[in-house]
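Analysis of the macromolecular model
Residue-level listing of the chains:
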Amino acid sequence: MEKELQVVGFRIGRETFGLPISMVREIVRVPEITSVPNAPDYIEGVINLRGRIIPILDLRKRFGVDSSERDKKNRIVVVELGARAIGLMVNSASEVLRIPPSEIEEPNTVFREGELDFVTGVGKLKGRLVILLDLHRILQRGELHGLAEAAETVEAAASVASRVMARDF
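Describing the packing of aromatic side chains
- This model, assessed by the stated rule, comprises three aromatic pairs.
- Here the aromatic rings of Phe-63 and Phe-118 are separated by 5.2 Å at their centres, their planes lie at 10°, and the arrangement is stacked. With Phe-63 in the loop between helix 1 (59-62) and strand 6 (75-81) and Phe-118 in the loop between strand 9 (104-105) and strand 10 (119-125), the pair connects residues that are 55 residues apart, well separated along the chain.
- Among the aromatic residues, those joined into a cluster by ring pairs are Phe-10, Phe-17, Phe-63 and Phe-118.

Notes on the side chain of Glu-26
- Take Glu-26: it is sitting in strand 3 (residues 24-29).
- When near neighbours in sequence (up to four residues on either side) are disregarded, Glu-26 contacts Leu-49, Arg-50, Ile-76, Val-77 and Val-78.

Let's talk about the pattern of salt bridges
- Using the criterion set out here, one finds eight salt bridges in the structure.
- Between Glu-80 and Arg-52 there is a salt bridge; the shortest N-O distance is 3.8 Å. Taken together, the positions of Glu-80 in strand 6 and Arg-52 in strand 5 (residues 52-58) put the pair 28 residues apart, joining distant regions of the chain.
- Its relative accessible area of 31% is what places Arg-52 among the partly exposed residues.

What to know about the confidence of the model for the protein
- Mean pLDDT over the protein stands at 81; residues scoring 70 or higher make up 75%.
- Least confident of the elements in the protein is helix 3 (residues 143-168), whose mean pLDDT is 55; most confident is strand 3, at 95.

What about the sheet that holds strand 8 (residues 92-99)?
- Spatially, the six strands line up as an open sheet ordered 8-1-2-11-10-9, and their pairing is mixed. The two strands at the open ends of the sheet, each matched to only one other strand, are strand 8 and strand 9.
- The sheet contact formed by strand 9 and strand 10 spans two bridges and is antiparallel. Bridging across to strand 10, Ile-104 finds its partner in Gly-123.

Some details on the sheet that holds strand 7 (residues 84-90)
- Taken in spatial order, the five strands make up an open sheet running 3-6-7-5-4, and their pairing is mixed. Looking along the sheet, the strands with just one partner apiece sit at the ends: strand 3 and strand 4 (43-49). Taking the axes of each pair of neighbouring strands and ignoring which way they run, one obtains an average angle of 30° across the sheet.
- In this sheet, strand 7 lies alongside strand 6 in antiparallel orientation, the contact comprising seven bridges. Across the sheet, residue Leu-81 finds its bridge partner in strand 7, namely Arg-84.

Rules used in this analysis
- Residues numbered from 1 in each chain as written.
- Predicted model: local features only at pLDDT ≥ 70, side-chain atom pairs only at ≥ 80, totals over all residues.
- Heavy atoms only, no water.
- Phe/Tyr/Trp six-rings, centres within 6.5 Å; stacked < 30°, edge-to-face > 60°.
- Helix = DSSP H or I, 4+ residues; strand = E, 2+ residues; numbered from the N terminus.
- Contact = heavy atoms within 4.5 Å.
- Salt bridge = Lys/Arg side-chain N within 4 Å of Asp/Glu carboxyl O.
- Buried < 20%, exposed > 50% of the residue type's maximum accessible area, 1.4 Å probe, protein only.
- pLDDT = per-residue confidence, 0-100.
- Pairing = 2+ DSSP bridges.
- Axes fitted to C-alpha atoms, helices over the stretch in contact; angles between N-to-C directions.

As structure tokens, this is what we get:
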């Protein structure tokens, strides 16, 4: 018997995407995001998630989808990438999808080689398509380093601010 692939499904624009459930730590509503000066446009900023500074990457901008309007359905998918947690801003996220391996097309049968190298496959599920992603490849162009730098900048600034406030009071 084939073991189903379990992915967390989320939407960007009109499309459904999926990441392996093992990478996803949690899904949260969008809190206030602190912007980071001189960050690339796809980095929304950072959030404080239960005392941990998490950089937020807007996947909508990364994929070239209009993301100017935020609404109450928007979510942040918090993923673990190595030892670092990263938040991915998406239009909506809510479901775990179970896709049988027989219903997954290899990316080279759908896209030309090198065209979308971050796609690991396209799953067919109840009449809809789910684009399966490789997060490591999405963040390959120095973006992971940029996200880490953004979080470290804010953590350092927060540390300095807390020391100054403690000294002044």
